[in-house]
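Fold and contact review
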Amino acid sequence: MINELEKIFRQSHLDIVESFKNLESSNKAKLVLDKWKRPEGGGGTTFTIHGGNFFDNCAVNFSSIKGKRLPKAALGNSLIKSSNNGYQAMGVSVISHPKNPYVPSSHMNIRLFCILEKNGDVKEWWAGGGYDLTPFFPYKEDCLQWHNDAKDLLDTYNKNFYKKFAKNCNEYFYIPHRKERRGIGGIFFDNLSKLSLDKTLFMLSDVANQYKNSYNAIIRKRKNTKYTKAQKEFQLFRRGRYAEFNLTYDRGTAFGLQSNGRIESILASLPSDVKWSYKKDKEYIKMEKRLLNYINKDWNV
């Protein structure tokens, strides 16, 4: 049964890898497809692009790992009765850091946690995932379309999902020490077992596909926009917020580290080029003020 479940995630991984490959046309770009195994059990595939003409860097990870004891980052689920026979956790995670500051960074993940029977069958399970957008020079029409696409998809499964998941996203991707959100949100869900397992897997696959389609629609509109050196510098400084969140608050990072995950894959979500600034000049302050008006606004449609 585990093999059948993994096929869903492997296909989503492959679809997004192919989509990202098509965005990168530079011969100087470094494309790496790395298959790996985990000593405790399981493994995965990590695809990365670095130094191209579209991406500064991106990573698309597939993993299916197993172990005897769930990490603390996964223990908040009240559904868990016992994990004495071990667990299986599988998922796909995506992070994109494009070169052009007018193309937002983006993130997506889908995941399934399974508590196993003694014979290896699934005893209990729950799902999680979502996607969010981190623009630097946002457009109102992009923000609205991003959320409308998510709502249209989720409404086919449950009319209450979008409102709840969009609120979750705003709350989850909040950086307390900065008192600001990471981006303009999207959807985020965890501990989901309300649907049947089959229907949940369809929904996870659809979430990954909708992320790909919505993100590519924005890319097509913004990828050829001209930008200045100051705007590129602003993007690099704002990427610092991304790094701060991922290293301080992100549950996926915590789960990976607590489960003795592969460090290269876990930290592939970090931007390759990033800056921090002690003193902001007037132009930076002006660009940041405009951005904060977008990312601290509820775009939930």
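Note that the structure is a prediction, hence the values are computed from the model and not measured.

1. A short note on the confidence of the model for the protein chain
- Chain-level statistics for the protein chain give a pLDDT mean of 90 and a share of 94% at 70 or above.
- Confidence scores differ between elements of the protein chain, with helix 6 (residues 251-258) showing the lowest mean pLDDT of 78 and helix 2 (residues 140-155) the highest of 98.

2. A short note on the sheet that holds strand 5 (residues 105-116)
- The strand order across the open sheet built from 7 strands is 1-2-3-4-5-6-9, with neighbouring strands paired in antiparallel fashion. What marks the edges here is a single partner per strand, and that holds for strand 1 (30-37) and strand 9 (185-192). Taken over all neighbouring pairs, the strand axes of this sheet differ in orientation by 5° on average, direction set aside.
- Judged from the 12 bridges that link them, strand 5 and strand 6 (residues 122-134) form a sheet pairing that is antiparallel. Across the sheet, Ser105 pairs through a bridge with Thr134, a residue of strand 6.
- Against the sheet, helix 5 (residues 229-248) contacts strand 3 (55-67), strand 4 (87-98), strand 5 and strand 6, and its axis sits at roughly 160° relative to strand 4.

3. Some words on the environment of Glu6
- On the secondary structure map, Glu6 appears in helix 1 (residues 2-21).
- Take Glu6: its relative accessible area is 11%, and that puts it in the buried class.
- Taking the C-alpha atoms as reference points, Glu6 and Ile184, separated by 178 residues in sequence, lie 31 Å from one another.
- If we skip the residues at most four places from it in the chain, Glu6 touches Phe62, Ser64, Gln88 and Met90.
- Among the polar contacts listed, one links the side chain of Glu6 to the side chain of Ser64, at a separation of 2.5 Å.

4. Let's talk about the packing of aromatic side chains
- Here the structure, examined in full by the defined rule, presents 22 aromatic pairs.
- Between Phe137 and Phe234, the aromatic rings sit 5.5 Å apart at their centres with planes inclined by 55°, giving tilted as the arrangement. Placement of Phe137 in the loop between strand 6 and helix 2 and of Phe234 in helix 5 is noted, with a sequence separation of 97 residues between them. The pair formed by Phe137 and Phe234 is uniform in burial state, with each residue classed as buried.
- Arranged with centres 5.6 Å apart and planes meeting at 20°, the rings of Tyr294 and Trp299 form a pair that is stacked.
- Of the residues examined, Tyr294 reaches a relative accessible area of 17% and is grouped as buried.
- Judged by relative accessible area, Trp299 falls into the buried class, the value being 5%.
- Between Arg222 and the ring centre of Tyr139, over which it is positioned, the NZ or CZ distance is 3.5 Å.
- A cation over a ring is seen here: Lys297 above Trp299, with NZ or CZ 5.0 Å from the ring centre.

5. With respect to a nonpolar patch on the surface
- A grouping of Leu247, Leu257, Ile263 and Leu267 is seen on the molecular surface, where their side chains present a nonpolar patch of about 350 Å² in accessible area.
- Here Leu257 is to be found in helix 6.
- For Leu257, a relative accessible area of 44% gives the class partly exposed.

What counts and how
- Residues numbered from 1 in each chain as written.
- Predicted model: local features only at pLDDT ≥ 70, side-chain atom pairs only at ≥ 80, totals over all residues.
- Heavy atoms only, no water.
- pLDDT = per-residue confidence, 0-100.
- Helix = DSSP H or I, 4+ residues; strand = E, 2+ residues; numbered from the N terminus.
- Pairing = 2+ DSSP bridges.
- Axes fitted to C-alpha atoms, helices over the stretch in contact; angles between N-to-C directions.
- Contact = heavy atoms within 4.5 Å.
- Buried < 20%, exposed > 50% of the residue type's maximum accessible area, 1.4 Å probe, protein only.
- Polar contact = N/O pair within 3.5 Å; in protein donor to acceptor, adjacent residues only side chain to side chain.
- Phe/Tyr/Trp six-rings, centres within 6.5 Å; stacked < 30°, edge-to-face > 60°.
- Lys NZ or Arg CZ within 6 Å of the ring centre and 35° of its normal.
- Patch = residues over 30% accessible without salt bridge, like charges linked within 9 Å, V, L, I, M, F, W, Y side chains within 5 Å.
- Areas by Shrake-Rupley, 256 points an atom, 1.4 Å probe, with all protein chains shown as cover.
- Salt bridge = Lys/Arg side-chain N within 4 Å of Asp/Glu carboxyl O.

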